[in-house]
Amino acid sequence: MLHFRMNMPFYLMAFYGSIMIIIVLIMRGLFKNRLPKFVFPALWCVVLIRLLVPFSLSSPLSMKVPAIFDKVTYVSQTAETTAYIVEEQSPVLLEGGADTTVIAVSQDVYETSNAASQYTKNSAAFVFQPRVLILGAYLLGLAVTIGLLALQKYRCTKRLKNRLLVEHNETINTMLREMDMGHIPVFTCDEIASPLVSGLLNPSIYLPTRMNFQDTVLLRHILAHETMHIKRHDNYAKAVMLLTLCLHCFNPLVWIMSKYLSADLENACDAALLKSYDTEERKVYAMSLLSMAVSRSHTTLLYSAFSRTEIEKRVKNILHYKKASALILAFSFLFLICGTTVFATGVQAPFSSYLSPYCVSSNCRWGCYVDITRDIYLGENAQRRAENVIIDVLKSDNTNDPEIMEEQIKAALAETFGVEKGAFRVVFSLCLDDEEKYAEYADWDIFRDEDGIFSYHGEKVRVCTDELAGMHIDRDGTIDIAIHRDRYGFISGITAQHEGEEMFDEQTRSYGLNR
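Note that this is a predicted model, so its numbers are computed, not measured.

*Asks:* Please explain the overall build of the protein chain as it appears in this structure.
*Replies:* Within the protein chain, the secondary structure is distributed over 15 helices and 20 strands. The proportion of buried residues among the 515 residues of the protein chain is 45%. Once local pairs closer than 6 in sequence are excluded, the contacts in the protein chain between residues at least 24 apart make up 66%. Total accessible area on the protein chain stands at roughly 27,300 Å², and carbon and sulfur atoms take up 58% of it.

Shown next as structure tokens:
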């Protein structure tokens, strides 16, 4: 089951997008020369969508939200503001005719207005001010980036104004018609050194005046290259890349991506042309690239143009080009589909994991509550339905084994809600009343007096840690004990540490128990 929401925070978009950039760079290094050239521009487009669109698509593949970001989003949900709401249900009749009362204890976490006020007062210096500084720095970087790109665009547009429309060159017009691109205007310009394509809605081809227009082979290759950029809508990809650069100007990985995206678009354009060329024509095409490439390519993000960026690698790729087999193409599409699916569904926005209250039954030593492990919609009355499932399992259990009950609860919830069992996390703890618990302690020579003081073998206990039933601390004790339990919740052993021993001193530091 997938769950789609448009609620991804910007900082998580940047975080997940950065992870995706690193993954694509690694895959690019491993498979660049083994896969068709269209694969990586497609993957870069998926990364751009992740960086720009705040969608959250939860699936069984979704990774857990990093704890640091989960705390940022749910900073108000602290242990100090936990409330326990007790709800007593109607008595139910169990096998044998015995009445039992099933109690559900909700662990809903909320924040009172007083707690919110105190939080704001105590953390203003550490949360509010840094956020203002970070926002200010981001807005400054955004303004600088937009300004630099706008200045570059202005200068390039100004150069392109000194242009002349090519209307009566029958050679160019014939070539364009043969490429089904007769509607594309072609200009010559003294201010440029290399052919380029400019414009989004109405793209145009610009040729340098210094070019030899009598060389029809060179002219055909240039027009084929530039019209292929138009057919592939590469300028749209670069425009989206520019928008991404502006919004994520603080992220060096996005700037690195822009470089490789431009290179991969050029390689994909070359590969699309080479499919129809024989070996000799590929060599001539490579020479055309070399003759028209410019040494500096600072405008490659603004226009689709011949560039000397990695030109040696491009020529090498052209000379060693081989048509992809059907098997390689099938693998490439599978690789692309799987990669896109993982990227789209592998991340999710922070969400409330709460599903059920803490449920116990007098028929079972254990109680539990259930969380969800991913953002998912479970329908109407999900909490009540989950409670019924949990209580049914607890009432019918005769194993006293939390591992078996956990599997039963997950299976029953998965069937009830129509999702995978991994979507649920079951947390168990012992449900013992004081009388039963202290009777168990007495069997192991642990006693509690009327004042609530614990002793072990007659020695006053300072820290009593019960793995499944809580902790007791008394600053004046002289011995620390840890009560260990087996998988069924019964005491299996006790570890004692006396003053002067390593563990005793460590707990002294941990709990601040210096006397």
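*Asks:* Would you mind going over the confidence of the model for the protein chain with me for this structure?
*Replies:* Should the pLDDT be low somewhere, the predicted coordinates at that spot are not to be read in detail. Confidence along the protein chain averages 80 in pLDDT terms, with 80% of residues attaining 70 or more. Summarising per-element confidence for the protein chain, the mean pLDDT is lowest in strand 4 (residues 92-93) (34) and highest in helix 13 (residues 402-417) (95). Counting contacts from residues 72-127, a segment whose pLDDT is below 50, to residues more than four positions away or on other chains yields 78 contacts. Taken together, the stretch residues 295-299 has pLDDT below 50 and engages in seven contacts with residues farther than four places along the chain or on a different chain.

*Asks:* It is not clear to me how helix 7 (residues 234-247) should be interpreted in this structure. Could you clarify?
*Replies:* An α-helical segment advances 3.6 residues per turn. Residues three or four places apart therefore align on the same side. Its 14 residues give helix 7 an end-to-end C-alpha distance of 20 Å, which sits within 8% of 20 Å, the value for a rise of 1.5 Å per residue. Listed in full, the buried residues belonging to helix 7 are Asp-234, Asn-235, Ala-237, Lys-238, Met-241, Leu-242, Thr-244, Leu-245 and Cys-246.

*Asks:* Would you mind going over a negative patch on the surface with me for this structure?
*Replies:* Judged by side-chain charge, Glu-501, Glu-502, Asp-505 and Glu-506 come together as a negatively charged surface patch. Within the secondary structure, Glu-506 is located in helix 15 (residues 502-511).

*Asks:* Is there a simple way to explain the side chain of Arg-28 in this structure?
*Replies:* The residue Arg-28 is located in helix 1 (residues 10-31) in this model. Since its relative accessible area comes to 7%, Arg-28 is described here as buried. Looking at Arg-28, its side chain comes within polar contact range of the side chain of Asp-264, at 2.8 Å.

Definitions and limits used
- In this numbering scheme, every chain counts its residues from 1 along its sequence in written order.
- Local features in a predicted model are, by the rule used here, given only for residues with pLDDT of at least 70; side-chain atom pairs are given and counted only at 80 or more, and totals for whole chains, interfaces and linings are based on all residues.
- Water and hydrogen atoms play no part in the side-chain values, which are based on all heavy atoms of the structure.
- Counting from the N terminus, the helices are DSSP H or I runs at least four residues long and the strands are E runs at least two residues long.
- Burial status follows relative accessibility: with a 1.4 Å probe on protein chains alone, a residue under 20% of its type maximum counts as buried, one over 50% as exposed, and anything between as partly exposed.
- Between two residues, a contact is recorded if the distance between any of their heavy atoms is within 4.5 Å.
- Here, Shrake-Rupley sampling with a 1.4 Å probe gives the accessible areas, and only protein chains in the shown set may cover a residue.
- Summary of the metric used: pLDDT quantifies the predictor's per-residue confidence within the range 0 to 100.
- By this rule the span expected of a helix is its residue count minus one, scaled by 1.5 Å.
- Patch membership is restricted to residues that have no salt bridge and whose relative accessible area is over 30%. Joining uses 9 Å for like charges and 5 Å for the nonpolar side chains Val, Leu, Ile, Met, Phe, Trp and Tyr.
- Each reported salt bridge corresponds to a side-chain nitrogen of Lys or Arg within 4 Å of a carboxyl oxygen of Asp or Glu.
- For the purpose of counting charges, residues Lys and Arg are taken to be positive, whereas Asp and Glu are taken to be negative. His and the chain ends are not included.
- To locate a charge, the coordinates of NZ of Lys, CZ of Arg, CG of Asp or CD of Glu are taken.
- Polar contacts, as counted here, are pairs of nitrogen or oxygen atoms within 3.5 Å of one another; within protein the pair requires one atom able to donate a hydrogen and one able to accept it, and residues that are adjacent in sequence qualify only if both atoms are side-chain atoms.

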